[in-house]
Amino acid sequence: MSIQFAPDEGEIERRVEALLFAAAAPLSAAELARRLPEGADVGGAISALRERYQGRGVELECVADRWRFRTAADLSFMMTEEREEPRRLSKAALETLAIIAYHQPCTRAEIESVRGVSLSKGTLDLLLEMGFVKLKGRRRTPGRPVTYGTADKFLEHFSLASLYDLPGVQEMKAAGLLDLSIPVGFEVPDPTRASDEDDAPLLEGVEDAPEFAQDFVSDD
């Protein structure tokens, strides 16, 4: 009859190490004990492993009374990757951006009037978020609607030195972007002639700050 000897502390430590390394989620001491010989000193093995891995690239930590290996906190920067995710503008967003570029400063209602359809929720927010459009001011008209205009990033993205470099009538015709049978009296908007004289600044005083915040939310 062969006599089986219980694994020593070093072997228990190895087994606990292997279990924690292979586990898909943190393991509790009880879960570890169920996979080890009866009477195994799980606590001692965990303490020994914590001491052995202290200060190394991988450390043993306790999360909600469960144990797991994790990358050392000071090396987390090596596990991240920064990359640019290109964002494509929808047809509606491109149309909105073009209208703002040629008609600025213009309100949401004016954009919808030119497009002939209502502006879907989020289109202006996206253009603002991407930095192509900025808030210009308020119209001194009933309701004092917010007006929009292009930002410097718009010029940078489309390689324009200024708004004067936007395509004119002849360039649009040559590119097939403008119908040759233009109605009499029609004129392509010239954003360089836009004036802010009829617009009030967004913040004329402390009283206007809450009003602007409320209007901006409702303008979505």
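About the cut-offs
Residues numbered from 1 in each chain as written. Predicted model: local features only at pLDDT ≥ 70, side-chain atom pairs only at ≥ 80, totals over all residues. Heavy atoms only, no water. Helix = DSSP H or I, 4+ residues; strand = E, 2+ residues; numbered from the N terminus. Buried < 20%, exposed > 50% of the residue type's maximum accessible area, 1.4 Å probe, protein only. Contact = heavy atoms within 4.5 Å. Salt bridge = Lys/Arg side-chain N within 4 Å of Asp/Glu carboxyl O. Phe/Tyr/Trp six-rings, centres within 6.5 Å; stacked < 30°, edge-to-face > 60°. Axes fitted to C-alpha atoms, helices over the stretch in contact; angles between N-to-C directions. Parallel < 35°, antiparallel > 145°, perpendicular 65-115°, else oblique. Left-handed = near helix turned anticlockwise from the far one by under 90°. Nonpolar A, V, L, I, M, F, W, Y, C, P; charged D, E, K, R; others polar. Patch = residues over 30% accessible without salt bridge, like charges linked within 9 Å, V, L, I, M, F, W, Y side chains within 5 Å. Areas by Shrake-Rupley, 256 points an atom, 1.4 Å probe, with all protein chains shown as cover. Expected span 1.5 Å × (residues − 1). Arc of directions from axis to C-beta.

Details of the side chain of Glu-31
Checked against the element boundaries, Glu-31 lands in helix H2 (residues 29-33). For Glu-31, a relative accessible area of 19% puts it in the buried group. With sequence-adjacent residues up to four places away left out, Glu-31 is seen in contact with Pro-26 and Arg-66.

As for the pattern of salt bridges
This structure, assessed with the given rule, holds 10 salt bridges. One salt bridge connects Arg-52 with Glu-17, and the closest N-O pair in it is separated by 3.4 Å. Of the two residues, Arg-52 sits in helix H3 (residues 42-53) while Glu-17 sits in helix H1 (residues 9-22), which places them 35 residues apart along the sequence. Arg-52 gets classed as partly exposed once you look at its relative accessible area, which sits at 41%. A network of salt bridges, in which partner residues are shared, links Glu-11, Arg-14 and Arg-15.

Quick look at the packing of aromatic side chains
Taken as a whole and judged by the stated rule, the model has 3 aromatic pairs. Where Phe-132 meets Phe-158, the ring centres are 6.3 Å apart and the plane angle is 50°; that geometry is what we call tilted. Of the two residues, Phe-132 is situated in the loop between helix H6 (123-129) and strand S4 (133-139) and Phe-158 in the loop between helix H7 (152-157) and helix H8 (169-174); the sequence distance between them amounts to 26 residues. Here the aromatic cluster, defined as three or more aromatic residues joined through ring pairs, consists of Phe-132, Phe-154 and Phe-158.

Focus: the packing of helix H4 (residues 91-103) against helix H5 (residues 108-115)
Two elements in contact, H4 and H5, have axes whose closest approach is 10 Å; the angle formed by their N-to-C orientations is 110°. Between H4 and H5, the angle is such that the two are roughly perpendicular. Where H4 crosses over H5, the handedness of that crossing is right-handed. For the pair formed by H4 and H5, the contact residues are Ala-92, Glu-95, Thr-96, Ile-99, Ile-100 and His-103 on the first element and Ile-111, Val-114 and Arg-115 on the second. Looking at the contact of H4 with H5 residue by residue, the classes come out as 5 nonpolar, 2 polar and 2 charged.

Concerning a nonpolar patch on the surface
Taken together, the side chains of Phe-77, Met-78 and Met-79 present a nonpolar region at the surface, about 380 Å² in accessible area. Structurally, Phe-77 is set in the loop between strand S2 (66-71) and H4.

Considering H1
Here H1 contains 14 residues, and its C-alpha end-to-end distance of 20 Å stays within 8% of the 20 Å for a straight helix at 1.5 Å per residue. Looking only at H1, the buried set comprises Ile-12, Glu-13, Val-16, Glu-17 and Leu-20. Looking straight down H1, one finds its buried side chains confined to an arc of 140°; they lie on one side. The exposed set on the far side of H1, more than 90 degrees from its buried face, consists of Arg-14, Phe-21 and Ala-22. Looking at the packing, one finds that the buried side of H1 touches H2, H3, strand S1 (58-63) and S2.

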